[in-house]
Structure formats: structure tokens, C-alpha cells
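# Examining the three-dimensional arrangement
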Amino acid sequence: MDIQAIIDQVVETLREAPEKAQEIIADPAAAVEQITGHRLEEGDLASVAQGVLAKIGEEGGDLQEKLAGLGGSIGEAVSSLIGNNETFGNLLDNIFKK
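Residues numbered from 1 in each chain as written. Predicted model: local features only at pLDDT ≥ 70, side-chain atom pairs only at ≥ 80, totals over all residues. Heavy atoms only, no water.

Scanning the chain for helices and strands turns up seven helices and zero strands. Listing every helix and strand of the chain by position from the N terminus yields α-α-α-α-α-α-α. Residues classed as buried in the chain amount to 42% of the 98 residues present. Nonlocal contacts in the chain, meaning residues at least 24 apart in sequence, comprise 68% of its contacts between residues at least 6 apart. With an accessible surface of roughly 5,400 Å², the chain has 45% of that area assigned to carbon and sulfur atoms. (Helix = DSSP H or I, 4+ residues; strand = E, 2+ residues; numbered from the N terminus. Buried < 20%, exposed > 50% of the residue type's maximum accessible area, 1.4 Å probe, protein only. Contact = heavy atoms within 4.5 Å. Areas by Shrake-Rupley, 256 points an atom, 1.4 Å probe, with all protein chains shown as cover.)

Following this line, the structure appears as C-alpha cells:
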């Protein structure tokens, strides 16, 4: 499965069950594996996380509103995966602080 297909599957799952965001925050690798059936390496997992956040930001609407309070937590979880990345922090600010 390609990264874009995984991103789409995770976003669709979050649309249907926004509470799943808590699982992604707690253990991103396990949550993505549970949702998609694919175990990802750290680099791929970071790409999926960034893609999911970007897609949610582009779509806006109810899902973005439901996840708005989780932006900082998601950022911390993903930053721990990809290191301290100012660009990623700026992406989160743009998505969740509109």
C-alpha cells in the first residue's frame, strides 16, 4: 500500500470515528497498523502523520474542529517521531489555529 492510500484510509477512519485520534496520539505506529493493517517504519509513519494533518487542514470542517484541541498533542507525538522540526510545528499552527 502506498503512503497516500494509507493517509486516505487514516483520514477516512478519523472522519468516521474522531475519537480514534486519541489512539493515534498514544501510539501512532500501533494505531496506523490497526487501521490499515500495515506496519510502517518511522520515516513512513512521519510522512503519514504529516499527510493526515495536511489533509485535515485542507478539508477543514467538522473534523478539523473536533481535532482542534488535539493539535499540540499530535504535534508532540509526531515531533518525537521525526525530531524537532520547526516546519512541522508551523504546519500544525496553520491547521489548528485558524
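Quick look at the packing of helix H1 (residues 3–16) against helix H3 (residues 28–36) now. Where H1 contacts H3, the two axes come as close as 10 Å, and the packing angle between them is 90°. Taken together, the axes of H1 and H3 are roughly perpendicular relative to one another. Along the contact surface, H1 presents Ile6, Gln9, Val10 and Thr13, while H3 presents Val32, Ile35 and Thr36. For the contact of H1 with H3, a count of residues per class yields four nonpolar, three polar and no charged. (Axes fitted to C-alpha atoms, helices over the stretch in contact; angles between N-to-C directions. Parallel < 35°, antiparallel > 145°, perpendicular 65-115°, else oblique. Nonpolar A, V, L, I, M, F, W, Y, C, P; charged D, E, K, R; others polar.)

The next subject is H1. In this model, H1 (14 residues) spans 20 Å end to end at C-alpha, consistent with the 20 Å of a helix rising 1.5 Å per residue. Looking only at H1, the buried set comprises Ile6, Ile7, Val10, Val11, Thr13 and Leu14. In a view along the axis of H1, the buried residues occupy a sector of 160°, so they form one face of it. (Expected span 1.5 Å × (residues − 1). Arc of directions from axis to C-beta.)

Another point: the environment of Gln4. Position of Gln4 among the secondary structure elements: in helix H1. The partly exposed category is assigned to Gln4, whose relative accessible area is 43%. For Gln4 and Gly51, which are 47 residues apart along the polypeptide, the C-alpha to C-alpha distance reads 7.7 Å. A distance of 2.9 Å separates polar atoms of two side chains, one belonging to Gln4 and the other to Asp8. (Polar contact = N/O pair within 3.5 Å; in protein donor to acceptor, adjacent residues only side chain to side chain.)

Taken as a whole and judged by the stated rule, the model has four salt bridges. The closest approach of N and O atoms between Asp8 and Lys55, which form a salt bridge, is 2.5 Å. Remark: Lys55 occurs in helix H4 (residues 42–59) and Asp8 occurs in helix H1; sequence separation between them is 47 residues. Residue classification places Asp8 among the partly exposed residues on the basis of a relative accessible area of 31%. (Salt bridge = Lys/Arg side-chain N within 4 Å of Asp/Glu carboxyl O.)

Note that every value here comes from positions in space, so none of it alone points to a role or purpose.
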